[in-house]
Amino acid sequence: MNPVFASVIEVFQMVFFVAWSVFLMEVYMWLHFRKYKETWFIPVALASAPVLVCVLILSAVGNAVSGSLIGWAAGLAFLLEIPAAFLFQNKVKGKWALPFMLIVPGFVGLGLLIAYPLVFEFYLSVHDLKLATLKTWSETGYLPFTGLMYFKQVFTMSPLSEITFWQLLWRTLWWTFINVSLHVAGGLGLALLLNRNMKLKGIYRTLLVVPWAMPQVVAVLAMRGEFLESGFVNIMLHRLGEWSPFLAHLGVAPVQWLSHHAFMTCTIINVWLGIPFMMVTILGGLQSIPQSYYDAASIDGASSWQKFKNITVPLLRPVIAPAVTLGTVWTFNNINVIYLVTGQAGGTEDADILVSALYKAAFTFNRYSYSAAFAIIIFIILFGVSMLWLKLSKGTESVYE
Amino acid sequence: MSNTPLKYNPKWIKFRNRAADILIHAALIAVALVFVYPVIRIFSVSIRPGDMLTSDSLAIIPQNATFLSYKKLLADTNFLRWLWNSLIITVSTSVIGVSLASTAAYAFSRFKFPGNKMGLSLLLGTQMIPAGMLLLPLYLMIMKMGLVNTYLGMIIAYSVSSLPFSIWILKGYYDTVPRSLEEAALVDGTTEFGAFYRIVLPLSTPALAIAFLFNFTSAWNEYLVARVVLADSTKYTWTLGLFELQGQFLTQWGMFAAGSILVTVPVLLVFLYSSKWLISGLTLGSVKG
């Protein structure tokens, strides 16, 4: 069959399935919100819940799923429906019908594709799923229980081949710190340069957001190319060395960036990628500071540095603080740059941070349960750091008085 | 005149400003060059003739420039197929994502129902989950449903990833639409849903466009999920395809560059055209709190 035609059919199936499940959910909600007064409500509701679950599962996965699973799901739906039906009849009484009908499709989607995977991750982390048990698991659904064994292994066994968890943790913190500070410094510098009336401002601004605007995959892969043996960086180093023997004496010469300096390469690429976002954000903040403050300060005889320190910095803080928070989470979770630079066969693990090691452990090394436990530990770290950060940034919030 | 300090001499001030201007322009031009240079260089590699792909020349327009790489890319690889796959997956996920978000956001914006506040903060909470964390269970679910290597699997994996963010943007925008419009419509005899569907939704086209664009770009540029779910080279999205081309570096460098240019130029144009819009859109929600 024509592949284009086949793909259109596949998409129609998908759209049909989504519309179908939304329709079923809405029917269920309609029954519960609008018909709760009818005498036939309770029996119909009790019957409809398991039927609905069966129909949804069957239309999602066809006949590939085992009968016992459907039985379990239908039974569970029936049990849950007993309190639900009585709740609707006696407490809810048709209130809030519209809002619930509106949010149900989205939240069921979120529940199935975010909440359920989270629970599943916990299940995996205390069971033994690896390449050797994958086949039996997908056929029979049976997995041996391992308790906290994999959580212990995260600290004692390398997620990849050599690097340890603690090395990864320190490198992640260092990576986040160095990237975010360079992003802010670079973005602030460029924004200050741009924040004046001058010719060509629009053109500079446009050119400077190019790394951000490009598809990240292209940007990273192209930059990676420039760090290869015959890439731009080495050509330049080579020419510099030829041009001045003094520099060559200092050690300016082509290097194996990807194998010997992978972390530095990733950092340079990520700094290049991240500065435009900070620049645009900070520029927006700068433009919202009224010129009259600066004029008043000039009349009082303030120097440029004093103006910067006493007007610009405090008034920029409400713009920079959320941008830094966002940037920190993004940098902490940045798999893309590191994986695209070092993820190919034979890539090093000298640049890996926690999340990229997690990705590689799961999908290059196929350590499923191990990486589930690893992911939970990373999540706890990120959660702790965020809570700490929120507390710290609350302490500085009063600048706005 | 002669005893005014240099600091207040108008000629000196003019000279100083001039010099500062020139320095600033020089600095900006240098930085802009660094930022844009990789793009220029991809372009120059893409028009190099085949025997010069790894030469160390830095000329932007190489000798014997040729579009052979583009021809080879379109003829010898599945590049168009990859683009088509990406397009199908991206459009479907964006449509699904925006329609789910637009209704849910309306509920959050207009109704006080139990769980309203909690739902909104749960949505924010989902943004804290590391992206890599959900990937493994999602992959195993998709595998168990037999959807590996299908568009369906990709669409399922993508469809809700931008949902929380879209809901926040749209809620922020709905909050700015005056309620009296809906009340008038209700008096005229529409249902509550009709007021949303006929009045609020058409008024929110800008926010819907922003949400769509956001969904679209995040799915269009996605790499990591695709790497896991898609295995067959005819089902690849363009991100996987380009990675593949660059993986076999020496032989395919020209084609990689050509493909990058073909993908990047439209994206750049759309971004530059919509950037002002996008950035103001991102702050829509936060301004109104």
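Just so you know, these numbers come straight off a predicted model, no measurement behind them.

1. A short note on the overall build of chain B
1) Next: The helix and strand inventory of chain B stands at 13 helices and 0 strands.
2) Next: Written out in order from the N terminus, the α and β elements of chain B read α-α-α-α-α-α-α-α-α-α-α-α-α.
3) Next: Restricting the contact set of chain B to residue pairs at least 6 apart, pairs at least 24 apart contribute 68%.
4) Next: With an accessible surface of roughly 13,700 Å², chain B has 68% of that area assigned to carbon and sulfur atoms.

2. Describing helix α5 (residues 131–144) of chain B
Residues and elements named next belong to chain B.
1) Next: Given a rise of 1.5 Å per residue, 14 residues ought to cover 20 Å, and the 21 Å separating the end C-alpha atoms of α5 matches this to within 8%.
2) Next: Counting buried residues along α5, 11 of its 14 residues qualify, which places the element largely inside the surrounding structure.
3) Next: Listed as buried for α5 are G132, M133, L134, L135, L136, P137, L138, Y139, L140, M141 and I142.
4) Next: Trailing α5 by a residue or two, G146 shows a phi angle of about 70 degrees, which is positive.

3. Looking at the packing of aromatic side chains
Residue and element names in this part refer to chain A.
1) Next: A full pass over the atoms with the stated rule returns 43 aromatic pairs over all chains.
2) Next: For the ring pair F33 and F100, a centre distance of 5.9 Å and an interplane angle of 15 degrees mean the geometry is stacked. In this pair, F33 sits in helix α1 (residues 3–34) while F100 sits in helix α4 (residues 97–125), placing the two residues 67 residues apart along the sequence.
3) Next: Overall, F33 belongs to the buried group, its relative accessible area being 3%.
4) Next: Where W175 meets F263, the ring centres are 6.0 Å apart and the plane angle is 65 degrees; that geometry is what we call edge-to-face. Here F263 lies in helix α14 (residues 262–287) and W175 lies in helix α7 (residues 165–194), a separation of 88 residues in the sequence. For the residue pair W175 and F263, the accessibility class agrees, reading buried in each case.

4. Focus: the interface of chain B and chain A
1) Next: Listed per partner, the contact involves 88 residues of chain B and 92 residues of chain A.
2) Next: Both faces combined, the contact of chain B with chain A buries some 8,300 Å², and carbon together with sulfur accounts for 82% of it.
3) Next: Counting across the chain B and chain A interface gives 2 salt bridges.
4) Next: A salt bridge links E226 of chain A to R41 of chain B; its shortest N-O distance comes to 2.6 Å.
5) Next: The interface formed by chain B and chain A includes 8 residue pairs in polar contact (both at pLDDT 80 or more).
6) Next: Along the lines of polarity and charge, the residues of the side of chain B that touches chain A split into 63 nonpolar, 17 polar and 8 charged.

5. Focus on the pattern of salt bridges
All names here are of chain A.
1) Next: One pass over the structure, following the stated rule, counts 6 salt bridges over all chains.
2) Next: K130 serves as the salt-bridge partner of D128, at 3.4 Å between the closest nitrogen and oxygen.
3) Next: A residue is classified by how much of its surface remains accessible, and D128, at 10% relative accessible area, is buried.
4) Next: Notably, a salt bridge pairs K360 with D352, separated by 2.9 Å at the nearest N-O pair.

6. A short note on the environment of N336 of chain A
1) Next: Locating N336 of chain A in the fold gives a position in helix α17 (residues 336–342).
2) Next: C-alpha separation for the pair N336 of chain A and T140 of chain A, spaced 196 residues apart in sequence, amounts to 35 Å.
3) Next: When sequence neighbours within four positions are dropped, the list of residues in contact with N336 of chain A reads Q216 of chain A together with Y223 and L224 of chain B.

7. Focus on the nonpolar core
1) Next: Among the nonpolar cores identified, the biggest contains 206 residues, and M214 and F374 of chain A together with L140 of chain B are the most heavily contacted of them.
2) Next: No other element matches α14 of chain A, which puts 15 residues into this core.
3) Next: Leaving out residues up to four positions away in the same chain, L140 of chain B has contacts with F120, L124, L129, L134 and W137 of chain A.

8. Examining the confidence of the model for chain B
Residue and element names in this part refer to chain B.
1) Next: In this model, chain B carries an average pLDDT of 83, and 89% of its residues clear a pLDDT of 70 or more.
2) Next: Element-level mean pLDDT values for chain B span from 71 in helix α13 (residues 249–288) up to 92 in helix α3 (residues 79–110).
3) Next: Scored below 50 in pLDDT, residues 284–289 makes 5 contacts in the model with residues more than four places away or belonging to other chains.
4) Next: Note on the complex model: pTM 0.85, ipTM 0.85.

9. Considerations on a nonpolar patch on the surface
Residues and elements named next belong to chain A.
1) Next: A contiguous nonpolar patch, built from F383, M387, L388, W389, L390 and L392 and spanning about 590 Å² of accessible area, is present on the exposed surface.
2) Next: As for its position among the elements, L388 is in helix α19 (residues 368–395).
3) Next: Looking at L388, the relative accessible area reads 58%, which means it is exposed.

So, how was this worked out
- Residues numbered from 1 in each chain as written.
- Chains lettered and ligands numbered in written order.
- Predicted model: local features only at pLDDT ≥ 70, side-chain atom pairs only at ≥ 80, totals over all residues.
- Heavy atoms only, no water.
- Helix = DSSP H or I, 4+ residues; strand = E, 2+ residues; numbered from the N terminus.
- Contact = heavy atoms within 4.5 Å.
- Areas by Shrake-Rupley, 256 points an atom, 1.4 Å probe, with all protein chains shown as cover.
- Expected span 1.5 Å × (residues − 1).
- Buried < 20%, exposed > 50% of the residue type's maximum accessible area, 1.4 Å probe, protein only.
- Phe/Tyr/Trp six-rings, centres within 6.5 Å; stacked < 30°, edge-to-face > 60°.
- Buried area = accessible area lost by both parts, 1.4 Å probe.
- Salt bridge = Lys/Arg side-chain N within 4 Å of Asp/Glu carboxyl O.
- Polar contact = N/O pair within 3.5 Å; in protein donor to acceptor, adjacent residues only side chain to side chain.
- Nonpolar A, V, L, I, M, F, W, Y, C, P; charged D, E, K, R; others polar.
- Core = buried A, V, L, I, M, F, W, Y, C linked by side-chain atoms within 4.5 Å.
- pLDDT = per-residue confidence, 0-100.
- Patch = residues over 30% accessible without salt bridge, like charges linked within 9 Å, V, L, I, M, F, W, Y side chains within 5 Å.

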